[in-house]
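Chains, contacts and geometry: an overview
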Amino acid sequence: MRYLLVILLLLSACGGGELTRVNYFEGREAVHLTFGQNTPPRNVYDDSQFMLGVNIHNRGAFDTEGKIIFEYDTFVLEGSGSFEREFAIRGKQPGFPRGEQDYLQGGFLEVREVEGLRESTDTRITASICYPYRTQLTDFFCVDSDVFGGDTNPLCRGRQFHTYSGQGAPVIIDRVTPDVVPRGTLEDSTETVIPVLDETGNLVEVRREEVSTRQIILQPHFEISIRNVGRGLVFGTNQGLSACTDTSQRRMGEVHVMANMLDLNLTCSPNPVTIRGGEATTRCFVEPDDWFYTSTSYMDVLTVYLDYYYLDQTSTEVKVNRLRR
Amino acid sequence: MVFQFLAVAARGVGTFFARTGRAVASGTRRVFSKGKSASSAEGASTAKASESATNMSGFSEQEKLNTNIENIKVTTADAIKRGMGLEGSAQAQNQEYIDALNKKMEEKSQSSEKEKGYLRQKLQQNTDHYYNKLNNKYENLKSKVDQYTDSEFYKDKADNFLDPEKRANMQMGSKVKRGFGRASNAVKGVIGAGFAGVGWLFRKSEYDRDEVDDGMGQLLLFIAIFVHLFDFFWFEFQVNAETIVGRFAMYLALSLLAYLTLKMSIGDSLKEFTFISLIPLVLLPMLFDYMSNFAIGQEFATQLQMWVFLIPFWLVYLMFIKKISAGFLGGVAKFYLSAIFVFILFILITNFATSLGQATSAEGVDSEEALVDAKDFLVDTFDSIVGTFTGIAGRVTGEVDRRLNETLGYGYQADVERTMDRSGVFLENFRPVGTFYENQSVRMYADFEVRSFMEEFSISFYCILRDRSGREIVGTAVPSSIVVNEFDNRRIFCDFEDVNLSAGSYTARLLSSFNYKTSGYSTYYFVPRSTLEEDTRTTWNQRHNIRERPVNIHTQGPVFLGMNESVRLPIPIFENRTTYFAIDYGVRNNQQRGEIQRITEFTTKLPQALVIEQNQCTIPLFNTGTDVNTGYEIYTYTMDPDENRRILAVSCNIQIPKERVDEVASSGARPVTIYAEVAYDYAIELTTSINIQRLTGGGLG
């Protein structure tokens, strides 16, 4: 009887709910970094040790591997002033609908004796997180063949541009403006069937004639607006994670763009694009070899990828008290 | 009406601070010029600091003393030389005379024996006379020389001059007389303002007399406020022969200004403003003198008078005695002034009552002790109230100071470290142990407290009593010197024994001198230049929650050690070439009751990536090694013994070689501390007045 009740309870728990679709490509954050509770402690004493630790939470849509760099004042704490730890963390995905969370132990720091006549000193410890990340946007776009506005019932009416709030990354595509550029016409002919009728309306014969037509050659292109909506810095590099600590290898604000329409790769310019003042714009278009013609408008799928390195920081104050009061 | 009121107030305030600013500026210029003495210390950057500095310096006296001693030396040497010369001269002349007479005698050898006898007698007489005359001259000179060289008075002065410690004592002991010099300045200032006001009035009065009267009335009100504040800051409400003159001059000038400018009858003007003046001038001193006959004790009465002086009597008068016309003082202004007055009065009464209650409820305390304790409580409360006023004044003067610093190129600022308990050397509550009568020994004491992280430093104490004529009596400090190791808390006694003091008012001073240090810290942030190209400085600072100016903090103590705040953070550094930036350090006195006697050493510690090359500072800072604790490079400048700096402004060019960029350049926000330390000799002076009571006859019946 007892087991029956448990089974009923479980069954009732399963029932009544609805499966909800989770869009992992939402949000404006990637890996979120905070210092662990009491690591470091708010108050420490000179000539002692304390532990550093950070909580990391990948709130974005992509898995990543990166580095965390701890920095501190060597006047107050022993050491070279910085050290780093590597991490790997998964983004939002089945099994981690909110992204993976982890705790990373940074290590121990030794406190020097308070220099001079000071009773205590406040010192700042900074943790910088550096990782490669990707922004992905997939959306339907209308390829408008009615470039001269002759269509009485245009398919693409009111679909001039699309705006977005985030794709599960700190660098977002906030606006895509599609356009179609006519690149000429294509002479063509089609065989047209013309019925010939008599006076009473009866079909006399069927005549076939060649009719010449002109198809408009189209080049779809997209203006893509990019924004850094996170707190951190964006940079590009060919040196991988070593650029996280070697500032000379960074190209600040650089984002690589990749776009395609189904199986058609687009060319983007500028690419890489540089974010300045938090914003950048690039245009992605079809190369001449792939220009196509169509007499009707249609919906197509555009996918855009942005690849970049992201550097974010958090800091905390530690009060070092002189033990000898 | 209110706007007019405020406009007049603003004019008055503007004039006052403009005048103050000029005075401060000229004073500070004097301070900043090296090697000045005498009035140089009068130019500290704030009014109170200026006062304090003047109290402490005594350098005009020192110069006089130096000059006197030098004169004595020269005169002594001269006299000895002359004396020796005269002695030799006398003997030589005498011998010459004898030779001449002998020669004459030889010539007269053919003369009769009688003539020979006469000549020999005359020769002897002349010789004796001349020799005695010269000898007397020599003896006189010798006695003068002995007086200079052997007398205790000059011997003491010479000793004091030769002994640095005693010289410091003398420097402080022979401080500048306060009353008349300041009083004359005050009178000049007030009279000048008065004439300016009269001129303005007469010019305006040609057009609209009524309006002028209203405005003038308000202007006078604010002048009265400033006179009262002036009385507080300058004379400290002391009642003695010196301050009473200055105070009398101030209030007289105010009365005359009222008489000349307000459209009242002569009698009204004089009566009203003389009434304001008479209270602090005459009535209160009489009241205190009368109170001193009771058991509350002279010292309590002396302290209480400060309290009573704090009550703005001019405000009482305006609020409750004078029939205020609507034009003279508007309703809104009257309301606010009334509220201020009631607030002040409330604080005074409640604190006084509380302190009396606390004091008298203590067990085993007699009435006089209870009142003394009550007085202490009152004084503390008084200090807190004064602190409010001086806080406002401090902010104003701080602004003046800041602008002065900028003008002089010393844009340094710093905050004082906040600690759980106060830190530093404290000498306070200097007072007599009881009531003293003429021809008795006098004993006074002060509370002394040290809380510091300095290991072993010595403090010396000196006691001096001065009567109205300026005669100074050196007392004995017990203990006269102590060695402090971090903490100390005791009482310092001043004994004036066998001094035969007559009844009257005396000024007692307790002086202490010690060597001390102040540490300063500033936190900098460096980022690669490329980072700032992408990230603006503002967003970078916001992201890291960092202020755009460096946070400079110096330890508690009597000295301000600031660093420049002109640098904007983060400092961008070049990755492919040397980066330069500048750091300024400033050292000056920061305590009202003390003064830096001499800065002895300045040290700064920098990370190895920050390099000071030789001749890249305004003073020759030398790299004296590496700090074993922090790995920082130490740069030090030790003052020559004859280098008498009391302020210090150091500016250095710092360079970051491109090879060392990685040591400070940060991925995030790596703090880099720049450390500075200054060692100095410091002196604190406490002054209080003491009344020696007359011994009334008593008799048998």
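Residues numbered from 1 in each chain as written. Chains lettered and ligands numbered in written order. Predicted model: local features only at pLDDT ≥ 70, side-chain atom pairs only at ≥ 80, totals over all residues. Heavy atoms only, no water.

**Focus on the overall build of chain B**
If you tally the helices and strands in chain B, you get 17 helices and 19 strands. In chain B, which comprises 701 residues, the proportion classed as buried is 48%. The long-range share in chain B, meaning contacts at least 24 apart out of those at least 6 apart in sequence, stands at 75%. A total of about 34,400 Å² of accessible surface is found on chain B, and carbon and sulfur atoms cover 54% of it. (Helix = DSSP H or I, 4+ residues; strand = E, 2+ residues; numbered from the N terminus. Buried < 20%, exposed > 50% of the residue type's maximum accessible area, 1.4 Å probe, protein only. Contact = heavy atoms within 4.5 Å. Areas by Shrake-Rupley, 256 points an atom, 1.4 Å probe, with all protein chains shown as cover.)

**Digging into the overall build of chain A**
Regarding its fold elements, chain A presents one helix and 18 strands. The buried share of chain A, taken over its 325 residues, is 47%. Residue pairs in contact within chain A that sit at least 24 positions apart in sequence constitute 72% of those at least 6 positions apart. For chain A, the computed accessible surface area is about 17,100 Å², with 48% contributed by carbon and sulfur atoms.

**Concerning the state of the cysteines**
Residues and elements named next belong to chain A. The tally for this structure, following the rule as stated, stands at four disulfides over all chains. The partner cysteine of Cys268 in its disulfide is Cys284, sulfur to sulfur 1.9 Å. Looking along the S-S bond of the Cys268-Cys284 disulfide, the torsion reads about 105°, which is the right-handed sense. Placement of Cys268 in strand 14 (residues 264-269) and of Cys284 in strand 16 (residues 279-286) is noted, with a sequence separation of 16 residues between them. An identical accessibility class is assigned to Cys268 and Cys284; each is buried. (Disulfide = S-S within 2.5 Å.)

**A short note on unusual backbone geometry**
In terms of backbone geometry, most residues other than glycine have negative phi values and most peptide bonds are trans. Each neighbour pair has its own omega, and for Thr39 of chain A with Pro40 of chain A the value is 10°, a cis peptide bond. A cis geometry characterises the amide bond from Ser269 of chain A onward to Pro270 of chain A, with omega recorded as -5°. A positive phi angle, near 75°, is found at Glu486 of chain B, a position not held by glycine. Relative to the helices and strands, Glu486 of chain B resides in the loop between strand 8 (481-484) and strand 9 (487-496). Residue classification places Glu486 of chain B among the buried residues on the basis of a relative accessible area of 9%. Although it is not a glycine, Asn545 of chain B sits at a positive phi angle of roughly 55°.

**Here we look at the pairing of strand 16 of chain A**
All names here are of chain A. By the alternation rule, side chains of strand 16 split into Ala280, Thr282, Cys284 and Val286, which are all buried, and Glu279, Thr281, Arg283 and Phe285, of which none is buried. Summarising the sheet, strand 10 (residues 203-228) and strand 16 pair through seven bridges and their orientation is antiparallel. Considered in strand 16, the bridge of Ile226 is made with Ala280. With four bridges joining them, strand 14 and strand 16 adopt antiparallel strand pairing. By the bridge assignment, Ser269 is partnered in strand 16 with Arg283. (Pairing = 2+ DSSP bridges.)

**Quick notes on the interface of chain A and chain B**
On the chain B side, the residues contacting the 38 residues of chain A number 43 residues. Taken over both partners, the interface formed by chain A and chain B buries close to 3,600 Å², and the fraction arising from carbon and sulfur atoms is 46%. Counting every contact that joins chain A to chain B gives three salt bridges. Between Glu119 of chain A and Arg451 of chain B there is a salt bridge, with its nearest N and O atoms 2.8 Å apart. For the pair chain A and chain B, the interface holds 13 residue pairs in polar contact (both at pLDDT 80 or more). If you list the elements that add at least two residues to the side of chain A that touches chain B, you get strand 7 (120-143) and strand 18 (298-321) of chain A. In terms of residue count, strand 7 of chain A provides more of the side of chain A that touches chain B than any other element does, five residues in total. Looking at the side of chain A that touches chain B residue by residue, the class counts come to eight nonpolar, 16 polar and 14 charged. (Buried area = accessible area lost by both parts, 1.4 Å probe. Salt bridge = Lys/Arg side-chain N within 4 Å of Asp/Glu carboxyl O. Polar contact = N/O pair within 3.5 Å; in protein donor to acceptor, adjacent residues only side chain to side chain. Nonpolar A, V, L, I, M, F, W, Y, C, P; charged D, E, K, R; others polar.)

**Let's talk about the packing of aromatic side chains**
Tallied over the entire structure, the rule returns 26 aromatic pairs over all chains. On the numbers, 6.4 Å between centres and 65° between planes, the contact of Tyr516 of chain B with Tyr680 of chain B is edge-to-face. Of the two residues, Tyr516 of chain B is situated in strand 10 (residues 504-528) and Tyr680 of chain B in strand 19 (residues 671-693); the sequence distance between them amounts to 164 residues. Across the pair, exposure class does not vary: Tyr516 of chain B and Tyr680 of chain B are buried alike. Ring plane angle 70° and centroid distance 5.1 Å describe the contact between Tyr585 of chain B and Phe602 of chain B, whose orientation is recorded as edge-to-face. Residue Tyr585 of chain B is located in strand 14 (residues 579-589), and its partner Phe602 of chain B is located in strand 15 (residues 594-606); the two are separated by 17 residues in the primary sequence. The exposure classification of Tyr585 of chain B matches that of Phe602 of chain B, with both residues buried. Taken together, the ring pairs in this structure connect Phe25, Phe62, Tyr131, Tyr133, Tyr308 and Tyr310 of chain A into an aromatic cluster. Its end group placed over the ring of Phe453 of chain B, Arg322 of chain A keeps NZ or CZ at 4.1 Å from the ring centre. Residue placement shows Arg443 of chain B over the ring face of Phe493 of chain B; its charged tip is 4.4 Å from the ring centre. (Phe/Tyr/Trp six-rings, centres within 6.5 Å; stacked < 30°, edge-to-face > 60°. Lys NZ or Arg CZ within 6 Å of the ring centre and 35° of its normal.)

**Observations regarding the pattern of salt bridges**
Inspection of the entire model under this criterion finds 28 salt bridges over all chains. A salt bridge links Asp174 of chain A to Arg227 of chain A; the nearest nitrogen and oxygen atoms lie 3.7 Å apart. Here the residue Asp174 of chain A occupies a position in strand 9 (residues 171-197), and Arg227 of chain A occupies one in strand 10, the gap between them amounting to 53 residues. Assessed through its relative accessible area of 16%, Asp174 of chain A is described here as buried. Judged by its relative accessible area of 29%, Arg227 of chain A falls in the partly exposed class. With its nearest N and O atoms 2.5 Å apart, the salt bridge here joins Asp495 of chain B to Arg443 of chain B.

**Things to note about the side chain of His57 of chain A**
Residue and element names in this part refer to chain A. With respect to the element layout, His57 can be found in strand 3 (residues 49-58). Polar contacts involving the side chain of His57 include one to the main-chain carbonyl oxygen of Arg98, which spans 2.8 Å. Once you skip the residues sitting within four places of it in the chain, His57 turns out to touch Ala30, Val31, His32, Ile89, Arg98, Gly99, Glu100 and Gln101.

**Thoughts on a negative patch on the surface**
All names here are of chain A. On the surface, Asp263, Glu287, Asp289 and Asp290 cluster together to form a negatively charged patch. Here Asp263 shows up in the loop between strand 13 (254-261) and strand 14. What makes Asp263 exposed here is its relative accessible area of 72%. (Patch = residues over 30% accessible without salt bridge, like charges linked within 9 Å, V, L, I, M, F, W, Y side chains within 5 Å. Lys, Arg positive; Asp, Glu negative; His and termini not counted. Charge placed at Lys NZ, Arg CZ, Asp CG, Glu CD.)

**Observations concerning the sheet that holds strand 1 (residues 31-35) of chain A**
Residue and element names in this part refer to chain A. Across the sheet, which stays open at both edges, the three strands sit in the order 1-3-6 with antiparallel pairing between neighbours. For this open sheet the edge positions go to strand 1 and strand 6 (101-110), each flanked by a neighbour on one side alone. For this sheet the average axis-to-axis angle between neighbouring strands, irrespective of direction, equals 20°. The pairing of strand 1 with strand 3 spans five bridges and is antiparallel. Note on strand 3: the bridge partner recorded for Thr34 is Asn55. (Axes fitted to C-alpha atoms, helices over the stretch in contact; angles between N-to-C directions.)

**Details of a nonpolar patch on the surface**
Residue and element names in this part refer to chain A. Residues Val193, Leu197, Leu203 and Val206 make up a contiguous nonpolar surface patch of roughly 370 Å² in combined accessible area. Mapped onto the nonpolar patch, the elements with two or more residues apiece are strand 9 and strand 10. Here Val193 is to be found in strand 9. The exposure class of Val193 is partly exposed, given its relative accessible area of 44%.

**Focus: the confidence of the model for chain B**
Residues and elements named next belong to chain B. Confidence along chain B averages 66 in pLDDT terms, with 41% of residues attaining 70 or more. Confidence, expressed as mean pLDDT per element, reaches its minimum in chain B at helix 2 (residues 47-57) with 37 and its maximum at strand 17 (residues 633-638) with 93. In this model, residues 323-329 is a region of pLDDT below 50 whose contacts with residues beyond four sequence positions or in other chains number 19 contacts. In this model residues 353-373 is a low-confidence stretch, pLDDT under 50, and it forms 20 contacts with partners more than four residues away in sequence or in other chains. (pLDDT = per-residue confidence, 0-100.)

**Here's the deal with the side chain of Asn58 of chain A**
Residues and elements named next belong to chain A. Here Asn58 is to be found in strand 3. By relative accessible area, which is 0% here, Asn58 ends up buried. In this structure the side chain of Asn58 is engaged in a polar contact, spanning 2.7 Å, whose partner is the backbone oxygen of Phe62. Residues in contact with Asn58, not counting those within four places in the same chain, are Ala30, Val31, Asp63, Thr64, Ile89, Arg90, Gly91, Arg98, Gly99, Glu100 and Tyr133.

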